[in-house]
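Architecture and fold: a report
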Amino acid sequence: MRYRHLTTVTLALGVVLLVDVLRVFLPAVITIFGQAASTPAELLGAFAFGWFLLALAAPALIRRVGARPVTLVAAVLLVVARLAVNGQPGGRLQLWLATAGLLAGLVWLAGVAAGTDRPVPGLALGLAVGAVLHTVLDTYRSAFFGDWPAWLVAVGVAGLFLAGQARPVPPAGAGGVRSWLLAGPALLLAGMVALSPAVARTAMSYQFGLLRSDPADEVGVATVPLFGPAPLAVAVGGFLLAALAPPRRGAWRWLGPVALVGGAVLVALGRGELLLPAVLLTAVGLGACLASAGAADGRGDDGADEARTPVPDGAGQDPAGSASAPARAAGDGQDPARAAGRRGYAAVAGMLVFAVAAVAYYSAYDLGHPNAGVPVAVAVLVAAVALAGRPTPGPARPPLPPVWTAATAAVVTLLAAVASDELLSATNRDGPPGTVRVAAYNVRMGFGIHGRFDPDALARAVAGADVVALSEVDRGWLLNGGHDTLDLLAERLDMPYVFAPAADPLWGDAVLSRWPLDAARTRPLPAVGAPTGAQALGVTVNFSGGVRLAVVATHLQPPPGEDPVVQARAVADFAVRYAAGRPLVVAGDLNTEPGDPAFAEFTRAGLVDALAAARPLPTSPADAPRQQIDHVFVTPGLAAGDAAAPPGTASDHLPVAVTLTLPPA
């Protein structure tokens, strides 16, 4: 393999491994280091950010010891941690393995940056390959399960990465600082929106779902999409084409930055119907900005064009991994050790931007500060860096052919999207049933009490239910690993769904049913001081034969130290009006206990506690339940029986389930 191909592919594989470790580290901080919202958000952020800050020591270490030994050791540790995490799903050991892998990955990134002045092709290819693999796995990262295909893929990627890392690379020039500075912001924007299959599927479920919400709704709902994450193929292809092709010049240079910032603004608006254009604009704009930064990096710091001549592997390198005096004479005359250090610090600084922005964005749902401007600010930063330098001609022979690479990636992504997605549908079967089993479950974004992401265990917890109301549903938050928890659970239960956003278009509540759902409506609830948003989702289950059941799913968010009375009253009023005399079920994590004022709001509205006969029925925390905060309320005409809260640790709550006898039409 030629040196330019070797460098690009090795960097790409390393990015895939680093992103894999990040997808474990970030949720582990929340679900393992943090315990059921009892750990202050400031402490969680400090713990996560501290490891990125520690990586600032890497460039100094590289300057003293040399880039090659530091990079090789860090690469081996990254691989070991990645494979170890693959076999350790959950628990504190997973947290510390992921933390070790993250730190090793950051040190490796700084080491690679020291010796690589044209990283854009490798960075772009790594982000694209990671998106394709995430699509193949249906957003269920292989780090969380130990089946043999997962091991095969992990070992294969790790082996190729180490084989490429062991080969010496030619000396680098003086450029590359801008490109490496954008590595962290690019990773953030790609994972949050541009190259996320979960976000692409969610965008399609808002735009082209099989059930439409009431046009009068202030916030739309998302339902089972027709084409799943297929738009990701366009996003990946457009991203690679823009990143690898020669950048535009003159006024055309502004197209990429404008597209990137425009996509980020659409994300900031927080509306589900804008997610699809946001994904496509952000992907193409991000690729174009990387290309512009890479072209500007073709110049040395003094503005002189580099005229590097490749040298044999390992020749002409000093201890810092850069060109020695003979190679320097062929370059721009700058100190290679200084240039290597600048690139290393730029790479770490870019990852610090990733950490700060991620903490600032997601901690808002605990601390209550505005976060809509975070993706916009990161996009503006990327655009500014891309536009700051004057582009120069790139290498005569680019490492990757832009059109062929982009087209191949788009086709592979499309095939992966089609193969991994299932179209869920419901029928009226043989007519209306006499009874229906209803369950309510706070799924904690899919993570169990020990921090393990296990959609199979979630599905087992509500097996046998005909209608399921879900709370804390995550459909692609990078903080939680980028999983579409709702789609994974719906496929395992073979139930179509209706999803309503609460915090943002990717986080909220859902209803799944074995029978057709229609007439979906959602209403935002008063915030009353709680930073995480709340809503009430109403859907109608059509059993045919004129038998219908109104279901309202919600997750009340009480003010700090108070009972959610205001929200409970709003849900009860909405539910009664939505049902309009039909049999009604209100279910979810209500964060109130029997006898509390908020609980009384539902009984005051004429609803009946369907779990009363089985009380006490504590549901939280799952490993030692003490609080009865998950409930099912029904109208008096629905007879309830067989109430239960099946034990398990697939979430930090237990599900509650009850069998209801349906009245005749």
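Residues numbered from 1 in each chain as written. Predicted model: local features only at pLDDT ≥ 70, side-chain atom pairs only at ≥ 80, totals over all residues. Heavy atoms only, no water.

Its location among the elements puts Thr619 in the loop between β10 (608–609) and β11 (630–634). Overall, the relative accessible area of 0% leaves Thr619 in the buried class. Ignoring sequence-local partners within four residues, the contact set of Thr619 consists of Pro625, Gln627, Gln628, Ile629, Asp630, Ala645, Asp652, His653, Leu654 and Val656. Within polar-contact distance, the side chain of Thr619 engages the side chain of Asp630 at 2.5 Å. (Helix = DSSP H or I, 4+ residues; strand = E, 2+ residues; numbered from the N terminus. Buried < 20%, exposed > 50% of the residue type's maximum accessible area, 1.4 Å probe, protein only. Contact = heavy atoms within 4.5 Å. Polar contact = N/O pair within 3.5 Å; in protein donor to acceptor, adjacent residues only side chain to side chain.)

Turning to the sheet that holds β10, a few remarks are in order. The sheet built from 6 strands is open, its strands ordered β6-β7-β8-β9-β11-β10 with mixed pairing. Because the sheet does not close on itself, it has two edges, and the strands there are β6 (517–524) and β10. Of the strand pairs in this sheet, β10 and β11 are connected by 2 bridges, and their pairing is antiparallel. Considered in β11, the bridge of Val608 is made with Val634. Docked against the sheet, helix α22 (residues 597–604) engages β9 (584–589), β10 and β11, running at close to 20 degrees with respect to β11. (Pairing = 2+ DSSP bridges. Axes fitted to C-alpha atoms, helices over the stretch in contact; angles between N-to-C directions.)

With 8 of its 8 residues buried, strand β7 (residues 535–542) lies for the most part within the structure. Bridge count for β6 against β7 is 6 bridges, and the pairing is antiparallel. Within β7, the residue paired with Asp518 across the bridge is Thr540. Across 7 bridges, β7 lies against strand β8 (residues 548–555) in antiparallel orientation. Bridge pairing in β8 links Thr540 to Ala550. Hairpin geometry of β7 and β8 is characterised by an intervening segment of 5 residues between the two adjacent antiparallel strands and by a positive phi of about 75 degrees at Ser544.

Contact pair helix α12 (residues 255–269) / helix α13 (residues 275–296): the axes reach a minimum separation of 7 Å and the direction vectors enclose 145 degrees. When the axes of α12 and α13 are compared, the crossing they make is left-handed. Where α12 abuts α13, its residues Gly256, Pro257, Ala259, Leu260, Gly262, Gly263, Ala264, Leu266 and Val267 lie against Pro277, Ala278, Leu281, Thr282, Gly285, Leu286, Ala288 and Cys289. Here the contact of α12 with α13 is built from residues that sort into 12 nonpolar, 5 polar and no charged. (Left-handed = near helix turned anticlockwise from the far one by under 90°. Nonpolar A, V, L, I, M, F, W, Y, C, P; charged D, E, K, R; others polar.)

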